[in-house]
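Spelled out, the chains give:
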Amino acid sequence: MATELTAPVLPAPPLPLTTERLVLRTIVASDGAAIGAYCSDPEVTRYLPFPALDAEGLAGRMERLVAGTAPSVPGEILALAAVHDGVLVGDLMLRFTDRHGESDPPGIGELGWVFAPEHAGRGFATEAARALVDLAFTHYPLHRLMARLDPRNLASARLCERLGMRHEAHTREDYADRDGTWSDTAVYGLLRREWASA
Ligand SMILES: CC(C)(COP(=O)(O)OP(=O)(O)OC[C@H]1O[C@@H](n2cnc3c(N)ncnc32)[C@H](O)[C@@H]1OP(=O)(O)O)[C@@H](O)C(=O)NCCC(=O)NCCS
């Protein structure tokens, strides 16, 4: 009889996290108004894999974010709200992206972030992402964190660099953009040993 391989269920991360100016907590359904306010802005979603969200799109995104509390296997996410003085200023995501099966603990995580433009330029995204990177490497057995972005997304590229991520690759015209053109992708990476020695 074949033995069925199942991934170990990883414990939920210790949340909320507190940084100098932010609380990072899981996302709840009532965050929909705040998240919808910036995710319905085409300027904000210009380089995101989804268009400016209408009510239906927001409902789908909220369902995924609210469910993202305790990832264990590839494809699952941890989604966090970044809250400053009681106001949700942005959201972040860690997604396991290992290409092998689901029988091993995750080794690779992809980071993503979306912040409200009215709270930009104050270092909130950097502060929140640093805390998420630390959580990712302390709570999970990850070997590597990466981020993929449109190289024209300079604010996101600067954020990767502030996190100590290395610009590893620029792939050409590998992403079918919503406007019918092909976009390039920039890949940034951070290995556990680089994080540990920083
Ligand atoms: C990517 C994104 C989160 C970056 O936001 P941001 O406001 O530039 O990032 P931060 O909140 O970390 O702020 C950093 C800026 O504030 C400045 N700053 C001010 N006070 C600061 C502080 N205490 N600490 C760090 N930076 C500070 C920095 O100098 C930096 O400015 P610069 O990039 O002009 O040099 C934001 O542009 C966004 O949400 N974009 C839309 C969604 C998106 O494209 N997501 C990424 C998809 S891959």
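Residues numbered from 1 in each chain as written. Predicted model: local features only at pLDDT ≥ 70, side-chain atom pairs only at ≥ 80, totals over all residues. Heavy atoms only, no water.

**Q** I'd like to hear about the site of the ligand, residue by residue, with values.
**A** Around the ligand, a shell composed of 20 residues is seen, among which W113, F115, G121, T126 and R158 lie nearest. F115 has a polar backbone atom sitting 2.8 Å from an oxygen atom of the ligand. T126 has a polar side-chain atom sitting 2.4 Å from an oxygen atom of the ligand. Every element with two or more residues in the shell around the ligand is listed here: β5 (108-115), α4 (124-139), β6 (144-149) and α5 (154-162). Residues of the shell around the ligand, tallied by class, amount to 10 nonpolar, five polar and five charged. (Near = heavy atom within 4 Å. Polar contact = N/O pair within 3.5 Å; in protein donor to acceptor, adjacent residues only side chain to side chain. Helix = DSSP H or I, 4+ residues; strand = E, 2+ residues; numbered from the N terminus. Nonpolar A, V, L, I, M, F, W, Y, C, P; charged D, E, K, R; others polar.)

**Q** Which residues make up the environment of H143, and what are the values?
**A** The residue H143 is located in the loop between α4 and β6 in this model. Here H143 falls in the partly exposed class, since its relative accessible area comes to 45%. When the C-alpha atoms of H143 and R192 are compared, they prove to be 5.2 Å apart, with 49 residues separating the residues in sequence. Contacts of H143, omitting those with residues within four sequence positions, involve G107, F137, L190, L191, R192 and R193. (Buried < 20%, exposed > 50% of the residue type's maximum accessible area, 1.4 Å probe, protein only. Contact = heavy atoms within 4.5 Å.)

**Q** Any details on α5? Residues and values, ideally.
**A** Since the α-helix packs 3.6 residues into each turn, any two residues three or four apart lie on the same face. For α5, every residue scored as buried is listed here: S156, A157, L159 and C160. Along the axis of α5, the buried positions cluster into a sector of 155°, meaning they face one direction only. Contacts from the buried residues of α5 go to β5, α4, β6 and β8 (182-191). Where α5 terminates, the next one or two residues include G164, which has phi positive at roughly 85°. (Arc of directions from axis to C-beta.)

**Q** How would you summarise helix α3 (residues 55-67) if you had to cite specific residues and measurements?
**A** Across its 13 residues, α3 extends 18 Å between first and last C-alpha, which sits within 8% of the 18 Å expected from 1.5 Å per residue. Within α3, burial applies to L58, R61, M62 and L65. Projected down its long axis, α3 shows its buried positions confined to an angular sector of 105°, all on one face. Away from its buried face by more than 90 degrees, α3 exposes E56, E63 and A67. The inward-facing, buried residues of α3 contact α1 (32-39), β3 (77-84), β4 (87-96) and β5. (Expected span 1.5 Å × (residues − 1).)

**Q** An account of the environment of L190 is requested, with residue identities and associated values reported.
**A** Position of L190 relative to the elements: it lies in strand β8. Given the relative accessible area of 4%, L190 is considered buried. With 49 residues separating them along the chain, L190 and P141 place their C-alpha atoms 14 Å apart. Filtering out sequence-adjacent residues up to four positions away, L190 remains in contact with V133, F137, H143, R144, L145, L163, G164, M165 and W195.

**Q** Please set out the layout of surface pockets residue by residue, giving values where relevant.
**A** Considered as a void within the structure, the largest pocket measures approximately 1400 Å³ in volume. Lining the largest pocket are 48 residues, with Y47, L48, W113, N153 and S156 sitting closest to its centre. Its residues assigned to classes, the lining of the largest pocket shows 22 nonpolar, nine polar and 17 charged. Empty space within the second largest pocket amounts to approximately 170 Å³. Around the second largest pocket sit T97, D98, R99, I108, E110, R144, M146 and R148, which together line it. For the lining of the second largest pocket, the elements supplying multiple residues, two or more each, are β5 and β6. (1 Å grid on protein atoms, 1.4 Å probe; cavity = no way out; pocket = protein on both sides within 12 Å on 5 of 7 lines; lining within 4 Å. Points joined across faces, edges and corners; volume = space filled by probe spheres on them.)

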